[in-house]
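# Report on the structure
Spelled out from the first residue to the last, the chains are:
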Amino acid sequence: MDYKQYCQQSISNLGGTDGLGRKIPQYGEVPDRRTDRFVGLFYFLWLGQHSTEGPYDITKILEEEPNAVKDAQHPLWGPMKEFHFWGEPLYDYYLADDAWVLRKHVQLLTNAGIDFLVFDTTNSGIYKKVYDNLFAILDEVRIQGWQVPKFVFYTNTDTGDRIQQIYDDIYKPGRYKELWFNWEEKPLIIGDPEQCSDEIKEFFTFRLNQWPNEDQKHGGFPWIDFVRPQRVFSDLNGNPEVINVSVAQHPSVVLSDTPFYEYGGNWGRNYHDNKNDQSKDAINWGYNFQEQWEFALQQDPKIIFITGWNEWIAMRFEGPPERPVQFIDQATLEFSRDIEPSKNGYKDHYYMQMIAQIRRFKGLSAPLKNKDRFTINIHEPFSQWEKVENSYLDFTNDISERNHPGYGGVKYVNNTGRNDIKLMKITRDDDSLYFYVQTANKLTAYTDSNWMMLLLKTTEGQQDTWEGYDYMLNRRIIDKSVTVLEKSTGGWNWEDVGRVSYLAEGNELQLAVPLKMLNLDGTKPLKFEFKWVDNLQDEGDIMGFYLNGDVAPKGRLTYLYEE
């Protein structure tokens, strides 16, 4: 088996519907994969690298005391110039060197189709401790066969010194060369070449640090734009090259001025058609993000650069008496620009929206088509599956325990990783569907709770489902060879459909489901979505798919089976 090939095909076979009912587009709904288009993402390495006090959460402070915005000395704010979260990330108030979180990021961004991460080293640090952890994980996942994001550094303050540090630590010794994002046949870096040595000038492809309140630079690389529509920046030959797409923007410079004091003209997550939309749930729909994407797609440059994934924090400053509390880059749920899933608020809506737009820009490769039909005897050896070529793959080595400090000295622990899902296959005959799953290590006992559950979406638009899934296997298991197929009656409520046979030995499991139990017609081509889930903790909460046990594929995504 060519694992690299099946890794990429597995991504082409990803489907999914977000919590607002928006389906990510599939092959045939977007262009064929365009290998000359790239998506970069602003990625932040600094959480906990300057301070771990608090955590000070602006949203929670204002829920407790809305009038705190009038008093820079209010005790809820904590010290001046302390970093504050605008809200709580799904992965808690984590430190950026938490390997458990970094692995989650790598998996989510690989599935999304991100080509390169741009690290914010625009101030005084390069965050070596964090990027060394991240590089090791990226490289491990790359070696598994996945096309992981590569990396670029964005410098500004003392740009020559920062680039020299980065060059000496990473590029000159050739560390993680396979992870360098090359542009015009050299590693891309963002900064001012005039502050660099001749050796460094020759080594990199440079693009200039482009601030949103500066005149447009020839060869500039924008991290955000304060005009609408956004500017398209050209390469050194005058060809359209890069445009920024951001979640929210602060042309008035201080982002908190608008939500705290109704001052300035900042554009929140819900901004579109020249105004901030205050209708119910407007924030969740990503109207601003979508409007930026629509213009970028019309321009069709070589690179779309997204701001951003995981900034989360901003330093508190004291403003003038009429606006005493100031946060420049992040402020509230509405006036913030992170895509990484949040514990509350927008949850994973922006992540799913980002995947959809990346597919519209870059296109998709043809997915797996399941043409061959085989009958599998569930009581016979697993070697029967060798004749089934098509495979769906999942990331491995991702069930390690989380045990890492966060902000405020809290230790975050997650030891729910159990069965490490690796490879899946499906085949069928005229009467039954056959499912196969292989884990990286020996399966635990079937008597474990929420053990190796299989979720199916077989009916488009059906009302009585849980998050679109109408059937589930292995939530209830009778014994070592018989399990129960259940059907959702709406939400996390399930009724028995019937018993089916399965076999689990070593690190393999196979089961057979009669098509009539799924209300499927074996005389017609089949199309459905599926997902394997092990050790779900909070039954009925789909966000748990990002957090606990192991799921294939990750988060809210599904695999598509199509004939």
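Everything discussed here concerns the structure shown above.
The rules behind the values
Residues numbered from 1 in each chain as written. Predicted model: local features only at pLDDT ≥ 70, side-chain atom pairs only at ≥ 80, totals over all residues. Heavy atoms only, no water. Axes fitted to C-alpha atoms, helices over the stretch in contact; angles between N-to-C directions. Helix = DSSP H or I, 4+ residues; strand = E, 2+ residues; numbered from the N terminus. Contact = heavy atoms within 4.5 Å. Nonpolar A, V, L, I, M, F, W, Y, C, P; charged D, E, K, R; others polar. Polar contact = N/O pair within 3.5 Å; in protein donor to acceptor, adjacent residues only side chain to side chain. Pairing = 2+ DSSP bridges. Buried < 20%, exposed > 50% of the residue type's maximum accessible area, 1.4 Å probe, protein only. Core = buried A, V, L, I, M, F, W, Y, C linked by side-chain atoms within 4.5 Å.

Now for the packing of helix H3 (residues 99-112) against helix H9 (residues 349-362). Where H3 meets H9, the axes come as close as 9 Å, and the angle between the chain directions of the two elements is 35°. Of H9, the residues touching H3 (which contributes Leu108, Leu109, Asn111 and Ala112) are Tyr351, Met354, Ile355 and Ile358. Looking at the contact of H3 with H9, its residues break down into seven nonpolar, one polar and no charged.

Bringing the environment of aspartate 300 into the picture now. By the element assignment, aspartate 300 lies in the loop between helix H8 (287-299) and strand S14 (303-307). Sequence spacing of aspartate 300 and glutamate 241 is 59 residues, and the spatial spacing of their C-alpha atoms is 8.8 Å. Of note is the side chain of aspartate 300, whose polar atom sits 3.1 Å from the side chain of arginine 37.

Strand pairing in a sheet takes place through backbone hydrogen bonds and is either antiparallel or parallel in direction. Taken in spatial order, the three strands make up an open sheet running S3-S15-S16, and their pairing is antiparallel. Bordering the open sheet on either side are strand S3 (83-85) and strand S16 (325-327), each of which pairs with just one other strand. Adjacent strand axes in the sheet meet at a mean angle of 45° when their direction is disregarded. In this sheet, strand S15 (residues 313-318) lies alongside S3 in antiparallel orientation, the contact comprising three bridges. Across the sheet, residue phenylalanine 85 finds its bridge partner in S15, namely isoleucine 313.

Turning our eyes to something else, we now look at the pairing of strand S27 (residues 527-534). Of all the eight residues making up S27, seven are buried; the element is thus mostly covered by neighbouring parts of the structure. Summarising the sheet, strand S22 (residues 453-457) and S27 pair through five bridges and their orientation is antiparallel. Bridge pairing in S27 links leucine 454 to tryptophan 532. The pairing of S27 with strand S29 (residues 558-562) spans four bridges and is classified as antiparallel. By the bridge assignment for S29, phenylalanine 528 is matched with tyrosine 561. Taken together, the three bridges between S27 and strand S28 (residues 550-552) define a ladder with antiparallel strand orientation. Along S28, the bridge assignment pairs tryptophan 532 with alanine 552.

Turning to the nonpolar core, a few remarks are in order. Grouped together as the largest cluster of nonpolar side chains are 146 residues, with contacts concentrated most on Met354 and Trp532. No other element matches H9, which puts eight residues into this core.

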